[in-house]
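Single-letter residue listing:
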Amino acid sequence: MTRFPLTWPSSRCSLVALIPLFVASCASSTPAPSGAKSATGERDTAIVHEPCEKDSASAEKVDVNGDRTPDIIHVKKDGREVCRVVDLNLDGSIDAFIYYDARGAERRRESDFDRDGRADEIAHYERGAVVLKERETNFDDKLDTWDYYEGTRLVRRERDSDGDQIVDQWWQFNNPNDEKCAVVATDKNADGKPDPAGVVDLCAESYGAPKPIAPPPSSAAPPAAGASAAGQPGAPGAPPASAAPAPAGAAPATSAAPAGSTPANAASQPAVTKGP
């Protein structure tokens, strides 16, 4: 079975978070990324697995689907659970390692979403609530995105978009009503700082008052008194509207003859003889 490697070194929690000036600083309780920046501005992007002794004698293995392969492993120490190994979809491969603090609350979760045996996301918790997610998003086995949470809401993001271990994007999620909206600052000149001209509001048109509705196109001038559109009756007592002028070159229309009159072309028609 494909498993998370257990030979990776243990992670070390950094006590200092280097935050760009334009981004609001996070609360002091928020853990800094495990890959803190070096003096040259580079951030350690290694994906570090925290050991969970799933094969220890104290581990309790649970086979959910009866295939003789453990789907949940409870690893205990001094009578309490310190970590858990979980195969969520029962395919025989580990999907997540879950770690617990002394009070039994979740403090860390390593998740493998693409089933390659390596963690794609490392979530850090405080008092059972997520505060930071370190993510690998481009399948190169290196961290490139750091998401910070307040309560249950994502509030800001730092990203290394080009894989040089230096953060070059800063996202500020400033619209609580739409988690897709953010103000994004980028560093295009590679100085490690947001460029003043590189700030984009992804939902700029959705903020503030709605756009005014454009008035409908102006209608044609109203007809003169007594006039009416072709084919429509005019006002009571008003003379009927004259027919529209014929186009140039067209033969004039022939008006209907009054009852009892002889047609104009009667002379050219042969006489009809009645009787025997």
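Thresholds applied
Residues numbered from 1 in each chain as written. Predicted model: local features only at pLDDT ≥ 70, side-chain atom pairs only at ≥ 80, totals over all residues. Heavy atoms only, no water. Pairing = 2+ DSSP bridges. Helix = DSSP H or I, 4+ residues; strand = E, 2+ residues; numbered from the N terminus. Axes fitted to C-alpha atoms, helices over the stretch in contact; angles between N-to-C directions. Buried < 20%, exposed > 50% of the residue type's maximum accessible area, 1.4 Å probe, protein only.

What holds strands together in a sheet is hydrogen bonding between their backbones, with the strands either parallel or antiparallel. With antiparallel pairing, the 12 strands of this open sheet are ordered in space as β1-β2-β3-β4-β5-β6-β7-β8-β9-β10-β11-β12. One side of each edge strand has no neighbouring strand; the edge strands of this open sheet are β1 (60-62) and β12 (199-201). This sheet shows a mean twist of 15° between the axes of neighbouring strands, independent of strand direction. Summarising the sheet, strand β3 (residues 80-86) and strand β4 (residues 96-100) pair through four bridges and their orientation is antiparallel. Residue pairing across strands places Arg84 opposite Ile98, the latter belonging to β4.

We now examine the pairing of strand β9 (residues 153-159). Within β9, six of the seven residues are buried, which leaves the element mostly enclosed by the surrounding structure. Note: strand β8 (residues 145-150) against β9, six bridges, orientation antiparallel. Counted as the bridge partner of Asp147 is Arg157 from β9. Remark: two residues form the turn of the hairpin made by β8 and β9, two consecutive strands paired antiparallel; Gly151 in that turn has positive phi of roughly 70°. Inspection of the sheet shows β9 paired to strand β10 (residues 169-172) by four bridges, in the antiparallel sense. Paired with Arg156 across the two strands is Gln172, which belongs to β10.

Positioned with a positive phi, Phe139 is a non-glycine residue whose angle comes to about 60°. Relative to the elements of secondary structure, Phe139 occurs in the loop between β7 (129-135) and β8. The class for Phe139 is exposed, based on a relative accessible area of 65%. Residues other than glycine seldom take positive phi values, yet Gln165 does so here, at roughly 70°. In this structure, Gln165 sits in the loop between β9 and β10.

Scope: geometric values only; no functional claims are made or implied.
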